[in-house]
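Each chain is listed here by its residues.
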Amino acid sequence: MIGLPILAGLAGTIGPAFGLLPALGGDHLTLEHFADLAAQPHLLRSSLISFATAIVTSGVSLVLVMLFTAGYAGTRMFSRIQHLVSPLLAIPHAAAAFGLVFLVAPSGLAVRLVSPGLSGYGSPPDWLVPQDPLGLTMMAGLIIKEMPFLFLVTLAALQQVPLVQARQLSASLGYGRIRGFLISVWPLLYRQIRLPVFAVLAYASSVVDVAMILGPALPAPLAVRIAEWMADSDLRMRFLASAGALLQLALTITAMVTWLALEQVGSVLLRRMSVSGVRRADDRLLRRSACAAMALAAALVFLGLFVLFLWSIAGLWPFPSLLPDSVTLQPWMRVLPQAGDAIATTISLASSSAAIALLFSIGLLWQGVRDSRAFSSVLYLPLIVPQLCFVFGLQILSVSLGFDASFPLLLFVHLIFVLPYVTLSLSQPWQALDRRYETLAVGLGKSPLQVLLHVRLPLLTRACLTAFAVGFAVSAGLYLPTLLIGAGRIVTITTEAVALSSGGDRRAIGVYALLQTLVPFGGFLIASLVPHLLFRDRRAMRI
């Protein structure tokens with residue numbers, strides 16, 4: 001079900017790139033659209049920015065998660081950080097990006113904290129941040145959002161490796177926590193999370209909404225320029241956009257090949273580490289640095305949300321005042337009536353896609369399909385193939401077949417992206433459930449379906465609700481699929497918030513970004529409270 005729409009979308013992109021789009025007069029093969037693409041100014045720089053963003057974001061995120069897991073897996077600190085994962089996943093990329101903008105901008109909170117006393121600035125400094133030419137701010141924004149995702153998949157994979165035994169063995173040989181973990185556990189663990197790492201790589205190389213908010217503008221990253229060509233009023237630009245989408249696919253594949261080469265380098269370094277005999281028993285500084293980096297990433301996201309809240313209720317707030325001179329609810333009163341339809345659409349779309357994805361995930365896990373490596377590869381296909389490369393093709397195919405932008409069509413496309421996250425979230429608790437409960441029920445004469453409905457699903461109520469909340473958050477945060485398939489006629493909070501990024505109304509941006517966060521956060525709140533209500537008389541079931 002997942003693979004076919006992606007293949008169809010790729011076909012819908014490849015055809016116009018080579019001139020085949022009868023609806024717009026393209027009836028013969030040609031390479032002139034690639035020539036037009038090559039003639040675009042600063043195309044190489046845009047591509048290099050996207051390539052560097054993919055490698056740096058994936059590398060830094062993975063290393064920090066690896067070091068933190070190596071230093072603290074199985075400890076109380078690890079458990080505490082683990083509880084921050086779900087709230088961070090509930091925050092959409094665009095909302096986190098807006099929060100980072102309001103923190104690091106020349107008139108942001110970071111500069112206000114040191115102005116004018118320490119910095120001497122009486123007016124905002126002339127800094128090109130965010131949207132710096134090298135895309136460093138964009139990379140930072142992606143890192144603080146991708147670390148929770150990689151941490152989540154690492155938590156699931158830890159159940160599949162002999163962590164306790166490996167720790168005991170390495171400690172008995174005199175190895176420090178991190179070095180012992182890297183030698184004994186990391187090779188096994190990385191095999192489990194390799195596909196999610198490639199998903200982060202593909203997303204970072206082709207992200208649009210975060211790049212529009214934090215990325216450089218002249219020239220913009222490749223994905224942003226392609227999205228602009230797709231939205232151009234001149235329909236002939238669709239051919240150029242298709243050629244650009246194939247270039248984006250080639251760039252993502254190049255980033256993956258480069259990553260494979262880096263894996264080989266890392267493998268050689270790991271082998272040398274294991275045969276060197278160096279123990280590094282005292283690694284407290286490295287462990288604490290990794291913990292500080294994880295905590296800083298979470299703090300930046302939450303602090304950014306706090307600044308968004310301040311701007312959403314701010315009256316007059318001149319620079320360099322640390323706090324606004326007055327507060328008002330006028331921005332909320334102005335925005336909420338306009339955002340009503342977008343909120344309703346977001347909730348309907350997210351709840352429907354998450355519910356359907358949860359049903360599919362339960363069916364797949366019940367049948368044991370999740371254990372198949374081939375299924376895992378297909379499941380991650382929507383995350384590994386850049387959205388631009390097949391969603392644009394799906395848009396072209398739907399228009400060619402006479403399908404107008406509609407809620408069911410957009411729901412189907414959202415489901416393609418939501419299903420992998422829901423299955424990933426549910427698979428670990430599904431596999432960790434003690435099977436003796438089911439064995440006992442079978443011994444009492446219950447059928448497999450009865451065991452599923454009356455034993456396994458009640459025991460996994462919290463896990464199912466959490467998976468639903470994850471899917472809800474993913475759907476609520478989807479920007480490019482909603483923009484292309486919805487054709488601008490179906491709007492959500494995310495599309496409205498990103499549309500405001502080019503404007504200067506910080507109060508409206510603050511309101512929309514907070515709404516974009518509050519909607520999925522409601523899903524996690526429900527997932528947390530419902531088990532307490534359902535099982536208020538059964539303490540063990542509320543955990």
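Summarised in this report is the structure supplied together with it. (Residues numbered from 1 in each chain as written. Predicted model: local features only at pLDDT ≥ 70, side-chain atom pairs only at ≥ 80, totals over all residues. Heavy atoms only, no water.)

A few points about the environment of Phe 412
Here Phe 412 lies in helix H20 (residues 407–432). For Phe 412, a relative accessible area of 36% translates into the label partly exposed. The spatial distance from the C-alpha of Phe 412 to the C-alpha of Leu 433 is 31 Å, given a sequence separation of 21 residues. (Helix = DSSP H or I, 4+ residues; strand = E, 2+ residues; numbered from the N terminus. Buried < 20%, exposed > 50% of the residue type's maximum accessible area, 1.4 Å probe, protein only.)

Notes on empty space enclosed by the protein
Applying the stated criterion across every chain yields a total of two cavities of 30 Å³ or more. Estimates place the volume of the largest cavity at around 610 Å³. Lining the largest cavity are 32 residues, and of these His 93, Tyr 203, Tyr 421, Val 474 and Leu 478 sit closest to its centre. For the lining of the largest cavity, the secondary-structure elements that each account for two or more residues are helix H5 (85–90), helix H8 (136–158), helix H11 (186–206), helix H18 (381–384), H20 and helix H23 (461–477). Per-element accounting of the lining of the largest cavity gives the leading share, five residues, to H11. Its residues placed into classes, the lining of the largest cavity shows 25 nonpolar, four polar and three charged. Put simply, the second largest cavity is a space of about 120 Å³. For the lining of the second largest cavity, the secondary structure elements donating two or more residues are H5, H8 and helix H15 (284–312). (1 Å grid on protein atoms, 1.4 Å probe; cavity = no way out; pocket = protein on both sides within 12 Å on 5 of 7 lines; lining within 4 Å. Points joined across faces, edges and corners; volume = space filled by probe spheres on them. Nonpolar A, V, L, I, M, F, W, Y, C, P; charged D, E, K, R; others polar.)

A word on the pattern of salt bridges
Scanning the entire structure with this criterion turns up five salt bridges. Taking the shortest distance from any N to any O, the salt bridge between Arg 236 and Asp 234 comes out at 3.2 Å. In this structure Arg 236 comes out as exposed when scored by relative accessible area, which is 62%. Take Asp 234: its relative accessible area is 27%, and that puts it in the partly exposed class. Here Asp 505 makes a salt bridge to Arg 334, at a shortest N to O gap of 3.1 Å. (Salt bridge = Lys/Arg side-chain N within 4 Å of Asp/Glu carboxyl O.)

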